[in-house]
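# Examining the three-dimensional arrangement
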Amino acid sequence: MKGSIEISEAKAAYTKAVADKNAAAMLAHAHTFLSLSPTLGTAQQIVNTLPLDLPDRAAVRRKVAFLRSYTVEPSIPFLRALARLHGVDLTVKVGDFNSYAQEVIDPASWLYQFNPDIVILASQTRDVAPDLWYGSGDVSPEEAESLVSSIVSPLVSIIDCLRSRTSASLIIQNLEQPEIPNAGLLDSRRKTGQEELIKMVNRRLSLAALKYDGVYILDYDALVARHGRERWTDERKWLTSRSPVAANCLIFAAREYLRFVLPLSGRLSKVLVVDLDNTLWGGIIGEDGPAGIKIGPEYPGATYLSLQRAILKIADRGVLLAICSKNNLADALEVLENHPEMLLRPKHFAAIRINWIDKAQNLRDIAAELNVGIDSIAFLDDNPVERQRIKLELPEVSVIDLPADPAGYASTLLSSPVFERLTITAEDRARGSYYSAQRERKSSESSAGSLEDFYRSLEMKSEIVAVTPTTLARIAQLTQKTNQLNMTTKRYTESEVQAMTRDPAWNLFGIKIVDKFGDNGIVGAVFLKVVGDTIDIDTFLLSCRVIGRTVETMILSRVCDIGVAAGCSKLIGWFLPTKKNEPAAKIYPDSGFSKIEENESGSLWQLSLRGELIKKPEWIA
Amino acid sequence: MPQRLDRVKQIISTLFNVDEGSLTSTSAAKDIPAWDSMGQLMLILELEQQFDIQIPPERGEKLTSISEIVDFVEESV
């Protein structure tokens, strides 16, 4: 068997969790075990051993009745195991072969005594419509009409009778197409060929279902097509046991039922919490910077764009979005607010937690802020370590198991059953924007206090470093590479910088920042030139790693001190806009500089050293 | 091979929810209530997936005891 070592490991991990009676670990390993080894044995083992209740998630119990024309039993352990993973305990009963009409019509039948919550009509084309399955579809339009009616009418009668007798939700499988039509290519040359007739039946059935409350069509044809018609059917099992679905596809049938069972059990995720780095975009914003991350129409950025599109589709179903990311707030907001290729913007998120706090704590906070239970949270993160941590710490959270390849992220998200909805209201659709408006109000009320707290919490220490043989390379490199927080974007080579240090008119220094998360190294550089009684800020740049932490204010206060010590009366500095240095545009005006000149290349700003000087932020030591 | 016997016992124990310790190589369908004709189908599906084999129907219906299953797996894997 493929990957048998991983399977044994997953099985051993699950078995150990069962022995340890550790429900969170059981749940985490059950997911892995079943996805690596989707066999009846695995499913049955989960049904036999996985507990239903979790500290913050009580089990939901549902009764499911299968009315059927074929052997559905092998898919039932899969369905029960999958439901169990979501805390849904299913009791399943199955009717006799092809007896559903009698079972529905007879008010004393087992069906009504069982009193199910969900009724699934599982039939296949060859049983419900043998004329269509075995015929060649070579019929006149009039005959087609009566043929289609003769198939749809009995099904509608069954729906009608069930609807009048029970409040159970009804799931009706539609008719699957054959692998190859009986007439071969000729089928497509006929107005009412076999495939067209089956399509007519399915269209008619869908329209009929819309007329009833709580009646849903399970698109069995689409399900079979999605997994491959050839692969789906095990003809030998059909002929010997009336069990048409191949062993490897049983779990797919069960997953399809689960898409209905979860929303019908009220087991749904109301909030999708997403990570940022390597999830919404490729790369790490703190290291690669806004210009270095991958997002946009070209590969690999396109894979992340697809995921963003998928996230918006989930939001359209009434699911709230939130962010939980270990990042510098300002770095991440810079991308969310200003990166031209981003589809998702701050307005799409009902809650935002961009910080260095443990993600489990952040998820608890998000649930509290949005006033939902922790079991209503779904978590999307590329990092398997974070996912495992959440699974073990917060087993109630639905963790989306992303594949290793980002190209599969979007389809994995869209196929998750926890976002399925069978109805949607206008209020559901508007919910996201309501929350994000509320979030913005809240944050403007409390931002001053919380931002200062945030700066303080970073425990930043700064150090001014001179240009020496050890720092020269890094300082020159910063002038070459820094694009965003760079006032003039002047590029200097090492030898140019070296030459400037020998000129007494120049004062060059670098800035080191250490915070509680570690040493960021030299993150900024300032080149000053003294001209008469004026200090000209020739170069002033800062790595985006430390944008948004008031380091720029600290640097300008230092420049003021240098100017005063040199007996100068004012500072001047150019801001030369580029495509990338928008983040630097407001630094001079926000720091009290006034504009004294403007031309097509940029603007010149001035600050008097005779008045009040720029103060060093108290939270930077 | 004792390992194979253990694996088959494990399969029977899980599928039919019986205590693995109570199973021996002579345990058979007639001793286990859940091992009925539907159980037989489930068992065949599970063996086919676990051992990545195809079991002909005329052979499958004869696999009604643990020793018969072990012998069959031995010759097919």
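Since this is a predicted model, take the numbers as computed values, not measurements.

### Quick notes on the domain arrangement of chain A
Interfaces are often sized by the accessible area lost when the parts come together. For chain A, the assigned domains are domain 1 (1-35), domain 2 (38-264), domain 3 (271-453) and domain 4 (459-608). The distance between the C-alpha centroids of domain 1 of chain A and domain 4 of chain A comes to 55 Å.

### Some details on the sheet that holds strand E9 (residues 377-380) of chain A
All names here are of chain A. Pairing in this open sheet of 5 strands is parallel, and the strands run E8-E7-E6-E9-E10 from one edge to the other. Unpaired on one side and paired on the other, strand E8 (349-355) and strand E10 (398-400) mark the two borders of the sheet. The sheet shows a mean angle of 20 degrees between the axes of neighbouring strands, taken without regard to direction. Of the strand pairs in this sheet, strand E6 (residues 271-274) and strand E7 (residues 320-326) are connected by 4 bridges, and their pairing is parallel. Across the sheet, the residue bridging to valine 274 is isoleucine 323, located in E7.

### Observations concerning the nonpolar core
Residues and elements named next belong to chain A. Membership of the largest hydrophobic core comes to 144 residues, with the highest contact counts inside it found for Val273, Ala322 and Leu363. Among the elements that take part in this core, helix H14 (residues 250-264) stands out by supplying 9 residues, more than any other. With near-sequence residues (within four places) excluded, alanine 322 lies in contact with Val271, Val273, Phe349, Ala350, Ala351, Ile352 and Ile366. Counting 43 residues, the second-largest nonpolar core is a separate cluster that includes Val467, Ala525, Leu528 and Leu556.

### Quick notes on the interface of chain B and chain A
Of the residues lining the interface, 14 residues belong to chain B; the matching set on chain A comes to 14 residues. Counting only elements with at least two residues in the side of chain B that touches chain A, the list comes to helix H1 (2-15) and helix H2 (37-51) of chain B. At 8 residues, H2(B) tops the list of elements feeding residues into the side of chain B that touches chain A.

### What about the pairing of strand E16 (residues 570-575) of chain A?
All names here are of chain A. Bridge count between strand E15 (residues 534-542) and E16: 4 bridges; the pairing is parallel. Each residue of the ladder has a partner; that of aspartate 536, found in E16, is isoleucine 572. Pairing analysis gives 6 bridges linking E16 to strand E18 (residues 602-608), with the strands arranged antiparallel. In the sheet register, tryptophan 574 faces E18, and the bridge partner there is leucine 604.

### Quick notes on the sheet that holds strand E4 (residues 169-173) of chain A
Residues and elements named next belong to chain A. Overall, parallel pairing links the 5 strands, which are arranged E2-E1-E3-E4-E5 in an open sheet. Every other strand in the sheet has two partners, leaving strand E2 (88-97) and strand E5 (215-218) as the edge strands with one partner each. Adjacent strand axes in the sheet meet at a mean angle of 20 degrees, parallel and antiparallel pairs treated alike. Across 4 bridges, strand E3 (residues 118-122) lies against E4 in parallel orientation. Along E4, the bridge assignment pairs valine 119 with leucine 170. Together, E3, E4 and E5 form the strand contacts of helix H9 (residues 141-165), whose direction differs from that of E4 by roughly 170 degrees. Packing of helix H10 (residues 194-210) onto the sheet brings it into contact with E4 and E5, and relative to E5 it is tilted by some 155 degrees.

### Some words on the environment of A:Val335
Residues and elements named next belong to chain A. In this structure, valine 335 sits in helix H17 (residues 329-338). Residues valine 335 and glutamate 176 lie 159 residues apart in sequence; the distance between their C-alpha atoms is 46 Å. In this view, valine 335 contacts Trp281, Ile285, Pro290, Ile293 and Met342; residues no more than four positions away in its chain are not counted.

### Some details on the packing of helix H2 (residues 23-36) of chain A against helix H3 (residues 40-49) of chain A
Residue and element names in this part refer to chain A. At a minimum axis separation of 9 Å, H2 and H3 run at an interaxial angle of 160 degrees. The angle between the axes of H2 and H3 places the two elements in the roughly antiparallel class. Crossing of H2 against H3: the hand is left-handed. On H3, the residues that touch Ala30, Phe33 and Leu34 of H2 are Thr42, Ala43 and Ile46.

### Overview of the environment of A:Leu276
All names here are of chain A. Residue placement: leucine 276 occurs in the loop between E6 and helix H15 (285-292). For leucine 276, a count of 23 C-beta atoms within 10 Å gives the class buried. Residues leucine 276 and asparagine 327 lie 51 residues apart in sequence; the distance between their C-alpha atoms is 8.5 Å. If we ignore the near neighbours within four places in the chain, the residues touching leucine 276 are Ile285, Ile323, Ser325, Asn327 and Ala332.

About the cut-offs
- Sequence order sets the numbering: in each chain, residues are counted from 1 along the sequence as written.
- In the order they appear in the text, chains get letters beginning with A and ligands get numbers beginning with 1.
- In view of the model being predicted, local features appear only for residues whose pLDDT reaches at least 70, and side-chain atom pairs are presented and counted only at 80 or more, with totals across whole chains, interfaces and linings using the full set of residues.
- The start and end points of each domain follow an automatic or database-based domain assignment.
- Two strands are counted as paired when DSSP detects at least two bridges linking them.
- Runs of E in the DSSP output that reach at least two residues are strands. Runs of H or I that reach at least four are helices, and both are numbered from the N terminus.
- Interaxial angles span 0 to 180 degrees and are taken between N-to-C directions of axes, which are lines fitted to C-alpha atoms, for helices over the stretch in contact.
- Core membership is restricted to buried Ala, Val, Leu, Ile, Met, Phe, Trp, Tyr and Cys residues, and these are joined into a nonpolar core through C-beta atoms within 7 Å.
- Burial is judged by counting the other C-beta atoms within 10 Å of a residue's own C-beta: 20 or more makes it buried, 12 or fewer makes it exposed, and any count in between marks it as partly exposed, with every C-beta position built from the backbone.
- Any two residues are considered in contact once their C-beta atoms, placed from the backbone, lie within 7 Å.
- Working rule for angles: under 35 degrees goes down as roughly parallel, over 145 as roughly antiparallel, 65 to 115 as roughly perpendicular, anything else as oblique.
- Crossings are assigned a handedness: left-handed for a near helix turned anticlockwise from the far helix by less than a right angle, right-handed for a clockwise turn.

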